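Summary of the model geometry
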Amino acid sequence: MSLLRVLGRPMLASMFLAGGMNSVRDPKQVAEAAEPVVKPVADRVSVLPDRTEQAVRLNGAVQVVAGLMLATGRMPRPAALAIAATLVPTTLAGHRFWETEDPAERAQQRIHFLKNLSMLGGLLIAADDTGSRPSLLWRGSHAARGARRDAGLVRRSVRATARPAATAGRVRARLPV
């Protein structure tokens, strides 16, 4: 594994570990801000908890578990996707700069919104990173190409040996016993 991955993954995960732990320990801190996002989503997705505090705690737990997985390099691609999925509602709930009237507060919320958008981009890159190993799609197509090549070689080999064998059989059939 490259040094950049060894250093970069824990750095990327650190924000989600810290934020996730805060949400798990004390969901009331962010429950009020999360309310406008949690209610519409919970109404459409029956699996999610109805109470905002429970949804915030679940979101934080996913961030902690996936952050640990990303930081340690255990299934980093699915972990990055899981964190990315939690980051979208977190950003929409916590940094609604378009609703803020105060110019200074609006600028601050816009900075945090763009920071989260940048982290989302990093997570998407991490989710696509195969760690210098070919992807499953490439390995599958490469194996299929190799199987087709091997089948062609077998077909040509069978044809090359079948003709002389058939000729030898016809000659033997004509010979007296």
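Cut-offs applied
Residues numbered from 1 in each chain as written. Predicted model: local features only at pLDDT ≥ 70, side-chain atom pairs only at ≥ 80, totals over all residues. Heavy atoms only, no water. Patch = residues over 30% accessible without salt bridge, like charges linked within 9 Å, V, L, I, M, F, W, Y side chains within 5 Å. Areas by Shrake-Rupley, 256 points an atom, 1.4 Å probe, with all protein chains shown as cover. Salt bridge = Lys/Arg side-chain N within 4 Å of Asp/Glu carboxyl O. Helix = DSSP H or I, 4+ residues; strand = E, 2+ residues; numbered from the N terminus. Polar contact = N/O pair within 3.5 Å; in protein donor to acceptor, adjacent residues only side chain to side chain. Contact = heavy atoms within 4.5 Å. Buried < 20%, exposed > 50% of the residue type's maximum accessible area, 1.4 Å probe, protein only. Phe/Tyr/Trp six-rings, centres within 6.5 Å; stacked < 30°, edge-to-face > 60°. Core = buried A, V, L, I, M, F, W, Y, C linked by side-chain atoms within 4.5 Å. Expected span 1.5 Å × (residues − 1). Bend = angle between axes of the 7 residues up to and from the residue.

A few words now on a nonpolar patch on the surface. Judged by side-chain polarity, Leu3, Val6, Leu7 and Met11 come together as a nonpolar surface patch covering roughly 410 Å² of accessible area. Mapped onto the elements, Leu3 comes out in helix H1 (residues 3-25).

Along the polypeptide, Thr86 turns up in helix H4 (residues 76-94). Within polar-contact distance, the side chain of Thr86 engages the backbone oxygen of Ile83 at 2.7 Å. Every residue in contact with Thr86, bar those within four places of it in the chain, is listed here: Asn59, Val62 and Gln63.

For the rest of this paragraph, the subject is the environment of Pro36. Inspection of the secondary structure assignment puts Pro36 in helix H2 (residues 28-44). The partly exposed category is assigned to Pro36, whose relative accessible area is 43%. For the pair Pro36 and Gly94, spaced 58 residues apart in the sequence, the C-alpha separation amounts to 10.0 Å.

A few words now on the packing of aromatic side chains. All chains considered together, the criterion is met by three aromatic pairs. A centroid spacing of 5.2 Å and a plane angle of 80° characterise the contact between Phe97 and Trp98, whose relative ring orientation is edge-to-face. Under the relative-accessibility criterion, Trp98 is labelled partly exposed at 39%. Measuring from centroid to centroid gives 5.3 Å for Phe97 and Phe113, while their planes differ by 65°, and the two rings are edge-to-face. Of this pair, Phe97 sits in the loop between H4 and helix H5 (103-128) while Phe113 sits in helix H5, and the two are 16 residues apart along the sequence. Both residues of the pair, Phe97 and Phe113, count as buried. Here a set of aromatic residues connected by ring pairs shows up, and it is made of Phe97, Trp98 and Phe113.

The subject of this paragraph is the pattern of salt bridges. Any two side chains of opposite charge can pair, so long as their charged atoms come close to each other. Going through the model one piece at a time under the given rule, you end up with five salt bridges. A salt bridge links Arg5 to Asp129, with the nearest nitrogen and oxygen atoms 2.6 Å apart. On the criterion of sequence distance, the pair formed by Arg5 in helix H1 and Asp129 in the loop between H5 and helix H6 (136-174) is long-range, its members being 124 residues apart. Here Arg9 makes a salt bridge to Asp129, at a shortest N to O gap of 3.5 Å. Here the residue Arg9 occupies a position in helix H1, and Asp129 occupies one in the loop between H5 and H6, the gap between them amounting to 120 residues. A single salt-bridge network, built from bridges that share partners, covers Arg5, Arg9 and Asp129.

Generally speaking, soluble globular proteins have nonpolar side chains that are buried together. Counting residues in hydrophobic clusters, the biggest one holds 14 residues, and the most contacted among them are Phe16, Leu70, Ala80, Ile83, Leu87 and Leu123. Those elements that place two or more of their residues in this core are H1, helix H3 (52-72), H4 and H5. Discounting residues that sit within four places of it in the chain, Leu70 has contacts with Arg9, Leu12, Ala13, Pro76, Ala79, Ala80, Ile83 and Leu123. Val37, Val38, Val56 and Ala93 belong to the second-largest nonpolar core, a separate cluster that totals six residues.

With that settled, the discussion passes to H2. Counting along an α-helix, one turn takes 3.6 residues, and residues three or four places apart therefore face a common direction. For H2, which comprises 17 residues, the first-to-last C-alpha distance of 23 Å matches the rise-based estimate of 24 Å (1.5 Å per residue) to within 8%. In H2, a bend of some 65° at Ala34 exceeds every other bend along the element, and Pro36, a proline, comes one to four places later. Those residues of H2 lying buried are Ala31, Ala34, Val37, Val38 and Ala42.

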